[in-house]
Amino acid sequence: MSQAKATLRGVELTGTPEERGVTHGTEFADEIQKNLEIYLDVFEYKGTDEETVYEQAEEFIPLIENENREYYDEMKGVAEGSGLSLEDITILNARYEVMYSAFKQAADEVNEASPDACTAFAAQQEITEDGHTYLGQNWDWMPGLETFVMDIRRDDKPNMVAMTEAGIVGGKIGVNEHGLGMTLNGLVTAKDGEHPFRKPFHVRFREVLDAERMDSAIAPLITKDRACSGNVIVAHAEGEMVNIEIAPETANYLYPQEHLITHANHVEDRSSMNSEFEKLIPDTLCRAPRLRRLLSRHSGEIGTEVIKDALRDHFGRPNSICRHPNEDDPELDRLQTNGSYIMDLTDRRLLGTAGPPCESEYRSFSAA
């Protein structure tokens, strides 16, 4: 008898920021606890004790409150709904910064802080079958983490649908009602973690999806220096898109080539920053060009089915676009595709899976 395929969960979040947080925390209390335990185990495995992690989190609480009061209020609601402490929830919401800075203190080696390993793309209308703009990625990270799609409905800011990890207020892959979307890939550069107490990435990601215009979506990523590195594609339904390689104090801007962007986990433009992640996962050097090739061969015919096939690709398995755990790696170093996401920005729609797309069905969510 075949095993039932997992389905990506979604929840509608309405009301005030705190009310949205309470719903999030109540609906996913067990999943939030599980995610917290996974991260604490990983921190300890990498050499950072729990006390140090909570000390880091305590410093982020007033920083987040000062940077974005609504985000802070929503975190408080998640804590209330889940029965966990605000410090617990902050560890999750500042997990990039806590991870880099805590590991930096423990080992003084940024390479200890392996971030999310993903493969992302964006396609303009000129090469799609229906004249729509598409954006998406496979999100590769530690097996077992619990995710869901936030369906946020508000009167004062755009409605959105965005994937998040249970307990995290800021969605990292999503689209809003204005046709603005974003994806995220991990990067590692030399200065990561040197100045940890800067606006966390997840706060910035929420602000990207809070935007009504392209420039307003880009601004949160670049106007203030960051604690660590990452790669974000910001795209609009009209077909405008930019790939932003972000290091703590510098940023590179890449634009479509032949109406297509693909990106993995290494810096493409080394004029202003180095690149370290490929030393940990050399497959990043294969995945981005592989995805470009798989999509480019269908230029003019790219739609959801073509994209799904590309995101299910197993060249180089297990370290493929559709990634599977490498049994030769220690358990807490293993990565897999925890979810695959395709956004039709024209229709304001997100398709997503729970687990690798070769084993999962896509579920549809609408921000319209």
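Residues numbered from 1 in each chain as written. Predicted model: local features only at pLDDT ≥ 70, side-chain atom pairs only at ≥ 80, totals over all residues. Heavy atoms only, no water.

Focus: the sheet that holds strand E10 (residues 251-254)
Part 1 of the argument: Read across the sheet, 8 strands follow the order E1-E4-E5-E6-E7-E8-E9-E10 without closing on themselves; strand pairing throughout is mixed. One side of each edge strand has no neighbouring strand; the edge strands of this open sheet are strand E1 (10-13) and E10. With direction set aside, neighbouring strand axes in the sheet form an average angle of 20°.
Part 2 of the argument: For strand E4 (residues 147-152) and strand E5 (residues 160-165), the ladder comprises 6 bridges, and the chain directions are antiparallel. Counted as the bridge partner of Phe148 is Thr164 from E5. (Pairing = 2+ DSSP bridges. Helix = DSSP H or I, 4+ residues; strand = E, 2+ residues; numbered from the N terminus. Axes fitted to C-alpha atoms, helices over the stretch in contact; angles between N-to-C directions.)

Some words on the side chain of Arg95
Part 1 of the argument: Positionally, Arg95 belongs in helix H6 (residues 95-107).
Part 2 of the argument: The exposure class assigned to Arg95 is buried, which follows from its relative accessible area of 0%.
Part 3 of the argument: Non-local contacts of Arg95, meaning those with residues more than four positions away in its chain, are made with Tyr39, Asp116, Trp139, Trp141, Glu165, Ile168, Lys172 and His202. (Buried < 20%, exposed > 50% of the residue type's maximum accessible area, 1.4 Å probe, protein only. Contact = heavy atoms within 4.5 Å.)

Examining the confidence of the model for the chain
Part 1 of the argument: Taken as a whole, the chain shows an average pLDDT of 93; of its residues, 95% reach a score of 70 or greater.
Part 2 of the argument: The low-confidence segment residues 106-111 (pLDDT under 50) makes 13 contacts with residues lying over four places distant or belonging to another chain. (pLDDT = per-residue confidence, 0-100.)

Quick notes on the packing of aromatic side chains
Part 1 of the argument: In total, this model carries 6 aromatic pairs according to the counting rule given.
Part 2 of the argument: Between Phe201 and Phe205 the ring centres are 5.5 Å apart and the planes differ by 15°, which places this aromatic pair in the stacked class. Highlighted residues: Phe201 and Phe205, both in helix H7 (residues 201-209), separated by 4 residues, approximately one helical turn.
Part 3 of the argument: Three or more aromatic residues link up through ring pairs in this structure, and these residues are Tyr96, Phe201 and Phe205.
Part 4 of the argument: Here the guanidinium or amino end of Arg95 rests over the ring plane of Tyr96, the centre of that ring lying 4.2 Å away. (Phe/Tyr/Trp six-rings, centres within 6.5 Å; stacked < 30°, edge-to-face > 60°. Lys NZ or Arg CZ within 6 Å of the ring centre and 35° of its normal.)

Re the side chain of Arg198
Part 1 of the argument: Along the chain, Arg198 turns up in the loop between strand E7 (180-186) and H7.
Part 2 of the argument: For Arg198, a relative accessible area of 17% corresponds to the buried category.
Part 3 of the argument: Polar contacts involving the side chain of Arg198 include one to the main-chain carbonyl oxygen of Arg226, which spans 2.8 Å.
Part 4 of the argument: When near neighbours in sequence (up to four residues on either side) are disregarded, Arg198 contacts Phe60, Leu63, Asp225, Arg226, Ala227, Pro248 and Glu249. (Polar contact = N/O pair within 3.5 Å; in protein donor to acceptor, adjacent residues only side chain to side chain.)

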